[in-house]
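Notes for the structure review
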Amino acid sequence: MKTINLGLVLLLISSITISAQHRGNYNEITSDISRQNILSSGNAKIYNPAVQQQINQTLYPSNVLTVDVKALQNASATTYTAIFNLSQMGPSAEKTNQLMKERIDSIKYRLNAKGITQKNIAIDVISFIPIYEVEVTKKLFSKTYTEVPKGFELQQNIYIQFTKTNQFESILEACAQSEVYNLVKVDYYIDNIQEVYKNLQDELLKLIDEKKNYYQALGFDMATYDVAIADDKYCYFPKDFYQSYQAYNSVSVEALDKNKGITTAKKQTSYYYQPLTYENYDVVINPSILEPVVQIGMNIKLVFTPKPKEKKETPKVETKIDHKYYVISPNGTIDVKELNTKK
């Protein structure tokens, strides 16, 4: 009976392992659907309802033309800056500062051997404060508690600039050998970001011309349209796109050997780099990446609306008044003569 139960348990573990091979450790909402259901038809579930909705959406014709183009460029950083935090305690201010200096000098010496010189390293003092302890003084009928300084704590950040990602391993090793383990962050910098934006603009202009030519081929005269524009640009760094997950398989195999049943193991939290995906972009420059990159994007949207038709003006009717003037003789005779003013 025990053998049958153990076989069922092993079969369950094997099923979990096979599923994990299909999807990896990254757990998506749709990852529990097997590849067989994805590739086959018939009774298989819809793999991605959003995709099906996009394919089967109803189109509504309009005489308003829209050109909406998006471009993305994956750019490798020109330089990197790693920031480490150091904390040092000592019995006196002088001793504390000396111990900190020895650790930093040790890091500089090891990095210099790896090609990272003094000009690529900077120090930022964060705090330098005394450490207090409570001293109890016993008297005949009472006790007093007094804070007295027992030492000092010095905190500094060390900035290390490098240009190649494979140098980071040497930086970690040099810091660890000097008992520095607190990595704050790694910043990415691009020297020629304006060139990247200019490159994206050129690519978008090509796409806009192609789209306008497409509308012209369909019979639309673009000269008879008014245009409105909106544009946007952005720049994202790798730190913005790290996500976490926990391992899918959490069964302890050790429990099976001891015949104590299945126990739940602690799931380790892991992190991975998930950059912007490309399905919403018309053009992607440097799409294939091997390491985290800086992602720079630009969007341009043009809306063409038909110009209002010019109304024909109604001919104006001019009314001309012909004035006549008369002169009466001064002698009193009633001899009315018309005064001719047209000479």
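A brief structural summary.

Cut-offs and rules
- Residues numbered from 1 in each chain as written.
- Predicted model: local features only at pLDDT ≥ 70, side-chain atom pairs only at ≥ 80, totals over all residues.
- Heavy atoms only, no water.
- Helix = DSSP H or I, 4+ residues; strand = E, 2+ residues; numbered from the N terminus.
- Buried < 20%, exposed > 50% of the residue type's maximum accessible area, 1.4 Å probe, protein only.
- Contact = heavy atoms within 4.5 Å.
- Areas by Shrake-Rupley, 256 points an atom, 1.4 Å probe, with all protein chains shown as cover.
- Axes fitted to C-alpha atoms, helices over the stretch in contact; angles between N-to-C directions.
- Parallel < 35°, antiparallel > 145°, perpendicular 65-115°, else oblique.
- Left-handed = near helix turned anticlockwise from the far one by under 90°.
- Nonpolar A, V, L, I, M, F, W, Y, C, P; charged D, E, K, R; others polar.
- Pairing = 2+ DSSP bridges.
- Salt bridge = Lys/Arg side-chain N within 4 Å of Asp/Glu carboxyl O.
- Phe/Tyr/Trp six-rings, centres within 6.5 Å; stacked < 30°, edge-to-face > 60°.
- Arc of directions from axis to C-beta.
- Expected span 1.5 Å × (residues − 1).
- Core = buried A, V, L, I, M, F, W, Y, C linked by side-chain atoms within 4.5 Å.

1. Here we look at the overall build of the protein
Counting secondary structure elements, the protein contains seven helices and 12 strands. Each of the 343 residues in the protein was classed as buried or not, and the buried ones make up 25%. Contacts spanning at least 24 positions in sequence make up 77% of the contacts within the protein whose residues lie at least 6 apart. Accessible surface, the protein as shown: approximately 25,600 Å² in total, 53% of it carbon and sulfur.

2. Looking at the packing of helix α4 (residues 93-113) against helix α5 (residues 168-177)
At a minimum axis distance of 9 Å, the contact between α4 and α5 shows a crossing angle of 150°. Taken together, α4 and α5 sit at an angle that is classed as roughly antiparallel. Of the two elements, α4 crosses α5, and the hand of that crossing is right-handed. Contact residues: Ile107, Arg110 and Leu111 in α4; Ser170, Ile171, Ala174, Cys175 and Gln177 in α5. Across the contact of α4 with α5, the residue classes break down as five nonpolar, two polar and one charged.

3. Brief notes about the sheet that holds strand β9 (residues 283-285)
In spatial order, the strands read β6-β10-β1-β9; together these four strands make up an open sheet with mixed pairing. Both outer strands of the open sheet, β6 (225-236) and β9, are each paired with one neighbouring strand and no more. Geometrically, the sheet is characterised by an average inter-axis angle of 10° between neighbouring strands, direction not taken into account. Each of β1 (65-75), β6, β9 and β10 (294-306) touches helix α6 (residues 193-217); the most contacted strand, β1, lies at about 150° to it.

4. Notes on the pattern of salt bridges
A side chain with one charge can pair with a side chain of the opposite charge if their charged atoms come near. Scanning all chains against the criterion turns up five salt bridges. Linking lysine 101 and aspartate 105 is a salt bridge whose minimum nitrogen-to-oxygen distance equals 2.9 Å. Of the two residues, lysine 101 and aspartate 105 both sit in helix α4, four residues apart, roughly one turn of that helix. Between aspartate 202 and lysine 198 there is a salt bridge; the shortest N-O distance is 3.0 Å. Here lysine 198 and aspartate 202 lie together in helix α6, a separation of four residues that amounts to about one turn.

5. Comments concerning the environment of proline 275
Note that proline 275 resides in the loop between β8 (269-273) and β9. Beyond its immediate sequence surroundings of up to four residues, proline 275 is in contact with Phe241, Ile289 and Gln295.

6. Focus: the packing of aromatic side chains
In this structure the tally under the stated criterion is 10 aromatic pairs. Look at phenylalanine 128 and phenylalanine 152: their rings are 5.9 Å apart centre to centre, the planes differ by 40°, and that puts the pair in the tilted class. Here phenylalanine 152 lies in strand β4 (residues 143-162) and phenylalanine 128 lies in strand β3 (residues 121-138), a separation of 24 residues in the sequence. Assessed through its relative accessible area of 25%, phenylalanine 152 is described here as partly exposed. Centroid distance phenylalanine 162 to phenylalanine 168: 5.8 Å. Interplanar angle 20°. Geometry classified as stacked.

7. Things to note about the side chain of threonine 81
Turning to its location among the elements, threonine 81 is positioned in strand β2 (residues 79-90). Sequence-distant contacts of threonine 81, defined by excluding residues within four places in its chain, comprise Tyr159, Ile160, Gln161, Phe162, Lys185, Val186, Asp187 and Tyr189.

8. Comments concerning α5
Three or more residues of α5 are buried, namely Ser170, Ile171, Ala174 and Cys175. Relative to the axis of α5, the buried residues are bounded by an arc of 130° and lie together on one face. The first or second residue beyond α5 is glutamate 179, which carries a positive phi of 60°.

9. Here's the deal with the environment of aspartate 226
As for its placement among the helices and strands, aspartate 226 is situated in strand β6. Classification of aspartate 226 by relative accessible area gives partly exposed; the value is 35%. Through-space distance from the C-alpha of aspartate 226 to that of valine 64 is 9.9 Å; in sequence the pair is 162 residues apart. For aspartate 226, the residues in contact, after removing those within four places along its chain, are Val303, Phe304, Thr305, Lys307 and Pro308.

10. A few points about α4
Each full turn of the α-helix corresponds to 3.6 residues, which orients residues three or four apart in the same direction. Taking 1.5 Å of rise per residue, the 21 residues of α4 would be expected to cover 30 Å, and the 31 Å separating its terminal C-alpha atoms lies within 8% of that figure. The set of residues buried in α4 consists of Thr96, Met100, Arg103, Ile104, Ile107, Lys108 and Leu111. Down the axis, α4 shows its buried residues gathered within 135° of arc, on one side only. Along α4, exposed side chains directed more than 90 degrees from the buried face belong to Glu94, Lys101, Tyr109 and Ala113. Looking one or two places after α4, you find glycine 115, whose phi comes out positive at around 95°.

11. A few points about the nonpolar core
Within the largest apolar cluster, 43 residues are counted, with the highest numbers of intra-cluster contacts made by Phe84, Leu111, Ile158, Ile160, Ile171, Leu200 and Ile296. Elements supplying a minimum of two residues to this core: β1, β2, α4, β4, α5, α6, β9 and β10. Looking at which element gives the most residues to this core, the answer is α6, with seven residues. Aside from chain neighbours lying at most four places away, what touches isoleucine 160 is Tyr80, Thr81, Ala82, Phe84, Leu111, Ile116, Asn120, Ile171 and Cys175.

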